[in-house]
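Given next are the chains, with one letter for each unit.
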Amino acid sequence: MKIALNRLSGAFALAASLLAATALAGSAYAQESEGIVVYNAQHESLGREWIDAFTKETGIKVTMRQGSDMQFANQIIQEGDASPADVFLTENSPAMTLVDGAGLFAPIEKDTLDQVPEQYRPADGMWTGIAARTTVFAYDKTKLTEDKLPKSMLELQDPAWKGRWGAAPAGADFQAIVAALLQLKGEDATKAWLKGLKDNATPYKGNSVAMKAVNAGEVEGAIIYHYYWFGDQAKTGENSKNVGLHYFKNQDPGAFVSVSGGGVLKSTQHMKEAQAFIKYLTSKAGQAVLKDGDSYEYAVGKDAASNDKLTPLADLDAPKVEASTLDSKKVVELMTAAGLI
């Protein structure tokens, strides 16, 4: 009888331990399923706006980790299938191409792709555009009149521009512009322009610093993205009061429109939630964050309106660039050889 009771007691103990293990596993699963992790290389404020709006609408929690385009792209490749990220957002498309080339993205759902025109997403459907920005020449209005502005970005390699302009060559923003130049004009033309950049331009750490330098009269102009000027103007304007924006247009390399990308990692354990997030970003509600917020980036969704202050995308006369084939590795190689990074 004593032996039977001991056996019964052991059975209860085993059952209890199994129930506890099941409860713990359920708890862990619930914890893991609470939301998604986003590697955000977009501007932190815009990423936060999108995430807050998405969570409010869907109830899905999002943990945002902030970093830069290539930092996260290389990290995702290193992490492989063990990456804790569910979604990757970038400022420019070369980082998306790098991850796509490593075979680490899951296909974006068709309903989501259908929300974005073909020119703002790659043909393979492994990621999609979520926003855009255009290249501009920010110039000192006190020193340059319209007739003295460069008609093409390529003119800036001429000796006549020596010491007169600036750029931020070390950044992913600028390297995306060089990648577009490489695709549009080829390696020889890109090498020549990079040599001119090395000879003629003053390097700055970031677009906003380059714009401030123009405003302060250090240089007559700088290659930047448009939204730095609009963002400063919307605040105090103190760093852009002397600055005007020159749009190259005419399908010039200097009229390049860079696409910000969003993709779902195929290793995600939360595929439904991750796909829902990308679908939201490209939806009317997600794109309205661009129109109504203070990022001043372009909306790229079908029939989505951008901020009223921006020159319409259709009026930029941008060159046709295949975002999915922008070669970031070759750009780094060329810029390193030119002594720029």
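Remember, predicted model here, so these are calculated numbers, not experimental data.

J.: Got a minute to help me understand the packing of helix 2 (residues 44–58) against helix 10 (residues 271–282) in this structure?
T.: Contact pair helix 2 / helix 10: the axes reach a minimum separation of 10 Å and the direction vectors enclose 115°. Crossing geometry of helix 2 relative to helix 10 is assigned as right-handed. Contact residues: helix 2 offers Trp50, Ile51, Ala53, Phe54 and Glu57, while helix 10 offers Glu273, Ala276, Phe277, Tyr280 and Leu281. Per-class residue counts for the contact of helix 2 with helix 10 are eight nonpolar, no polar and two charged.

J.: Would you explain the side chain of Asn92 in this entry?
T.: You can see Asn92 is positioned in the loop between strand 3 (87–89) and helix 4 (94–101). A polar contact is formed between the side chain of Asn92 and the side chain of Ser258, at a distance of 2.6 Å. Residues within four places of Asn92 in sequence aside, it is in contact with Asp69, Arg133, Ala172, Asp173, Ala176, Tyr225, Ser258, Val259 and Ser260.

J.: So what exactly am I meant to see when it comes to the environment of Ser93 here?
T.: By secondary structure assignment, the location of Ser93 is in the loop between strand 3 and helix 4. In this structure, the C-alpha to C-alpha distance between Ser93 and Ser83, residues 10 residues apart in sequence, is 20 Å. The residues contacting Ser93, other than those within four sequence positions of it, are Trp127, Ser258, Val259, Ala323 and Leu326.

J.: Help me understand helix 2 in this model?
T.: Structurally, the α-helix is built with 3.6 residues per turn, so residues lying three or four positions apart point the same way. For helix 2, built from 15 residues, the straight-helix expectation of 21 Å at 1.5 Å per residue is met to within 8% by its first-to-last C-alpha distance of 21 Å. Turning to helix 2, its buried residues are Leu46, Gly47, Trp50, Ile51 and Phe54. Buried residues in helix 2, looked at end-on, bunch into an arc of 130°, giving them a common side. Residues of helix 2 that are buried make contact with strand 1 (35–40), strand 2 (61–66), strand 5 (128–140), helix 10 and helix 11 (284–292). Phi turns positive, to about 80°, at Gly59, one or two residues after helix 2.

J.: Before we go on, may I ask you to explain the side chain of Asp173 in this structure?
T.: As for its position among the elements, Asp173 is in helix 6 (residues 172–185). At 2.8 Å, the side chain of Asp173 and the side chain of Asn92 are in polar contact. Ignoring anything within four residues of it in the chain, the contact list for Asp173 reads Glu91, Asn92, Arg133, Asn207, Tyr225, Tyr227 and Tyr228.

J.: Just to check I follow, could you spell out the pairing of strand 2 for this structure?
T.: Moving residue by residue along a regular strand, the side chains alternate between the two faces of the sheet. With six bridges connecting them, strand 1 and strand 2 associate as parallel partners. Within strand 2, the position partnered with Val37 by the bridge is Thr63. For the crossover that starts at strand 1, traverses helix 2 and ends in the parallel strand 2, the hand is right-handed.

J.: Sorry if this is basic, but what is going on with unusual backbone geometry here?
T.: Comment: phi is negative for the bulk of residues other than glycine, and the bulk of peptide bonds are trans. Of note, the phi angle at Gln251 is positive, near 55°, even though the residue is not glycine. Tracing the chain through its elements places Gln251 in the loop between strand 9 (243–246) and strand 10 (257–265). What makes Gln251 exposed here is its relative accessible area of 51%. Positive phi is not limited to glycine here, since Asp317 has a value of about 50°. Structurally, Asp317 can be placed in the loop between helix 11 and helix 12 (328–337).

J.: Can you walk me through the pairing of strand 10 in this structure?
T.: With nine of nine residues buried, strand 10 is to be regarded as a mostly interior element. Burial of the side chains of strand 10 extends over both faces: Val257, Val259, Gly261, Gly263 and Leu265 are buried on one face and Ser258, Ser260, Gly262 and Val264 on the other. Summarising the sheet, strand 3 and strand 10 pair through three bridges and their orientation is antiparallel. The partner of Phe88 across the bridge, within strand 10, is Gly263. Alignment of strand 4 (residues 105–106) against strand 10, held across two bridges, turns out to be antiparallel. Bridged to Ala106 within strand 10 is Val264. Of the pairings in the sheet, the one linking strand 5 to strand 10 comprises six bridges and is antiparallel in character.

J.: I keep staring at the nonpolar core and nothing clicks. Help me out?
T.: Most often, soluble globular proteins have nonpolar side chains that are buried together. One finds Phe88, Phe137, Trp165, Trp193, Leu197 and Ile223 to be the most contacted residues of the largest nonpolar core, which totals 77 residues. The residues contacting Trp193, other than those within four sequence positions of it, are Met153, Leu154, Leu156, Gln157, Trp165, Phe174, Val178 and Leu181. Leu46, Ile60, Val87 and Ala274 belong to the second-largest nonpolar core, a separate cluster that totals 25 residues.

J.: Please clarify how the packing of aromatic side chains should be interpreted in this entry.
T.: How two aromatic rings sit relative to each other is given by the distance of their centres and the angle of their planes. For the structure on display, the rule yields 12 aromatic pairs. Taking 5.0 Å as the distance between ring centres and 75° as the angle between the ring planes, the aromatic pair formed by Phe54 and Phe277 counts as edge-to-face. A residue pair is termed long-range when its members are at least 10 positions apart, and Phe54 in helix 2 and Phe277 in helix 10 qualify at 223 residues. Residues Phe54 and Tyr280 carry aromatic rings whose centres are separated by 5.8 Å and whose planes lie at 55° to one another, so their mutual orientation is tilted.

J.: Could you clarify how one ought to interpret the pattern of salt bridges in this entry?
T.: Where charged atoms from two side chains of opposite charge approach closely, those side chains can pair. Tallied over the full model, the rule gives 11 salt bridges. The shortest N-O distance in the salt bridge between Glu220 and Arg164 comes to 2.9 Å. Of this pair, Glu220 sits in the loop between helix 8 (207–215) and strand 8 (221–225) while Arg164 sits in the loop between strand 5 and strand 6 (165–167), and the two are 56 residues apart along the sequence. A salt bridge links Glu333 to Lys330, with the shortest nitrogen-to-oxygen separation between them at 2.9 Å. You can see Glu333 and its partner Lys330 sitting in helix 12, three residues apart, about one turn around the helix.

Cut-offs applied
Residues numbered from 1 in each chain as written. Predicted model: local features only at pLDDT ≥ 70, side-chain atom pairs only at ≥ 80, totals over all residues. Heavy atoms only, no water. Axes fitted to C-alpha atoms, helices over the stretch in contact; angles between N-to-C directions. Helix = DSSP H or I, 4+ residues; strand = E, 2+ residues; numbered from the N terminus. Left-handed = near helix turned anticlockwise from the far one by under 90°. Contact = heavy atoms within 4.5 Å. Nonpolar A, V, L, I, M, F, W, Y, C, P; charged D, E, K, R; others polar. Polar contact = N/O pair within 3.5 Å; in protein donor to acceptor, adjacent residues only side chain to side chain. Expected span 1.5 Å × (residues − 1). Buried < 20%, exposed > 50% of the residue type's maximum accessible area, 1.4 Å probe, protein only. Arc of directions from axis to C-beta. Pairing = 2+ DSSP bridges. Right-handed = clockwise from strand over helix to strand, strands pointing away. Core = buried A, V, L, I, M, F, W, Y, C linked by side-chain atoms within 4.5 Å. Phe/Tyr/Trp six-rings, centres within 6.5 Å; stacked < 30°, edge-to-face > 60°. Salt bridge = Lys/Arg side-chain N within 4 Å of Asp/Glu carboxyl O.

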